Amino acid sequence: MERVDVAIVGGGPAGAAAAHAAADENAEAVVLEKGVPRADRDVLGPDSTDAAGILDYWVDVMGVHPDEFPDDVICQELDRAEFVGPTEDCTLTSTGIDSSYDHFGYTFQRARFDDWLRERAEAAGASYRVGVRVRDVESDLATTGDEPRHRVVVADGEAIGADAVVLADGPQRTVTNQVLDDYLPEDTPASERLAAPKANHIAYQEYRRVPDAVFEELKTAITFWWGHMPGHTAYPWVFPNDDGVCRIGLTMPIGLDIDAVADRDAYPLLEADDETIPNGATYIRRLLELEWGDTYDIETDFPIVEDRGKRDGTETYSISSTQPIESPADAGIAVVGGAMGTTSAFHEGGDHVAVRTGAIAGELAATGELAAYNDRWRSAIGDELLRNVTFAELCRDYGPDDWDRTFKSVRGMLTAEGVNLFEMNTLRSGLSGAKILYQYKKQKRRLRKQGYTQLTENDYVY
């Protein structure tokens, strides 16, 4: 049986960051990645699907500065975020949080970013194997001597022994749920505790070439439309790429019944004769018609770029809208990135926290200190996750009018120079009219006291 110090399941940002950190500590680390094809990648790689944008302070959360990237990773440097409601809008020109990055943020080509992370891990000495599907992780915590605590079994029946395992298999948690079941009481398996179909979201995006004048308008902004489609944290977006191409996509909950939608007429992207919730492609077409249909022919002037994305210029991927989880770290197992719930349907994307959690897990696994993993990630990204969970809960029941009232009340605040969006005095001055301050503080206190994780280390049985 092959032996390594650290076995990593999944080769996305979290897995590659774990491999790099472990190898950097002179540990023998191997990444096992099943691999998926993409139109914009010549070889198999991780399921590189994301809106792919980073805000300024996320650079420091991630711990990797874009100056380290090859030239083809960054698409656009950003100067603002636009938030558009049905009748009101506002613009954020600064997060107000100190950062080592000089711009508001940047968009990037996710597949190239993932490939760079892989190359960085391999350069540090890690082994990265694509086309390898993990079937199971068998553990014996009572083992003595030179036998490894874990055996990672792959599809062909071969096994890799490891003293530490990092689970980085993304928000679908294909392997993670199976492994965690071994550490949870039989009547509360992970597959039931972490799977919540009514809360899970699906994201869909298209790569479209846009007219020059439109690209000039969009190229330094990320734009979100709130209150345009029903569902908890359901919203379309536009992210500027390079060469006149934008990623135009949306996040929406799975299984929403249109008959359960109140005030259907208030949602700009619903139509009176809709018998079901529209699919992603229909929503995007309606958004383009709403914003630019008076000036342009959408089919002709906004064509899909078929050699980008996962397939034919489109990609679909799941997002975990569940709260984050702690890991059975005492067993030598760390769950990182999307698998631990760091990819939120509220803030769309979790590359920054995926890289950070992966790096923490890889370092601790290599140095034999993985038991400290939960404390370390809480210290590094706890504030970021608590903020996201709080806002997601705060807007859970928002409808179009709620988003309009909020955007109207914060418009002056968001355009102020040097504003910290998350400081209480800022919220007090901008959000008091919508009673957001009280609700935000109450929700955050509750989550901080009761916990914002849905699985804690104390839930596991060894």
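Reading the values: rules and limits
Residues numbered from 1 in each chain as written. Predicted model: local features only at pLDDT ≥ 70, side-chain atom pairs only at ≥ 80, totals over all residues. Heavy atoms only, no water. Helix = DSSP H or I, 4+ residues; strand = E, 2+ residues; numbered from the N terminus. Polar contact = N/O pair within 3.5 Å; in protein donor to acceptor, adjacent residues only side chain to side chain. Salt bridge = Lys/Arg side-chain N within 4 Å of Asp/Glu carboxyl O. Buried < 20%, exposed > 50% of the residue type's maximum accessible area, 1.4 Å probe, protein only. Axes fitted to C-alpha atoms, helices over the stretch in contact; angles between N-to-C directions. Parallel < 35°, antiparallel > 145°, perpendicular 65-115°, else oblique. Left-handed = near helix turned anticlockwise from the far one by under 90°. Contact = heavy atoms within 4.5 Å. Nonpolar A, V, L, I, M, F, W, Y, C, P; charged D, E, K, R; others polar. Phe/Tyr/Trp six-rings, centres within 6.5 Å; stacked < 30°, edge-to-face > 60°.

Take the side chain of Gln76 next. Checked against the element boundaries, Gln76 lands in strand β6 (residues 74–78). Looking at Gln76, its side chain comes within polar contact range of the main-chain oxygen of Asn241, at 2.8 Å.

Bringing the pattern of salt bridges into the picture now. If you walk through the whole model with that rule in mind, you get 23 salt bridges. Note that Arg80 is salt-bridged to Glu82, the shortest N-O span being 2.7 Å. Of the two residues, Arg80 and Glu82, neither departs from the other in class, the shared state being buried. Linking Arg118 and Glu122 is a salt bridge whose minimum nitrogen-to-oxygen distance equals 3.4 Å. You can see Arg118 and its partner Glu122 sitting in helix α3 (residues 110–124), four residues apart, about one turn around the helix. The partly exposed category is assigned to Arg118, whose relative accessible area is 23%. A single salt-bridge network, built from bridges that share partners, covers Asp79, Arg80 and Glu82.

Between helix α1 (residues 13–24) and α3, the least distance of the axes is 8 Å, while the angle of their chain directions is 20°. Comparing the axis directions of α1 and α3 gives the class roughly parallel. Where α1 crosses over α3, the handedness of that crossing is left-handed. Packed against α1, whose contacting residues are Pro13, Ala16, Ala17, Ala19, His20, Ala23 and Asp24, the element α3 presents Arg110, Phe113, Asp114, Leu117, Arg118, Arg120, Ala121 and Ala124 at the interface. Taken together, the residues that form the contact of α1 with α3 break down as nine nonpolar, one polar and five charged.

Quick look at the packing of aromatic side chains now. This structure, assessed with the given rule, holds 20 aromatic pairs. Look at Trp237 and Phe239: their rings are 6.3 Å apart centre to centre, the planes differ by 80°, and that puts the pair in the edge-to-face class. Each member of the pair, Trp237 as well as Phe239, carries the same accessibility label: buried. Put simply, the rings of Phe83, Phe224, Trp226, Tyr235, Trp237, Phe239, Tyr398, Trp403 and Phe407 pair up and form one aromatic cluster.

Before going further, it helps to examine the environment of Trp237. Along the polypeptide, Trp237 turns up in strand β16 (residues 235–240). Separated by 11 residues in the primary sequence, Trp237 and Trp226 place their C-alpha atoms 9.1 Å from one another.

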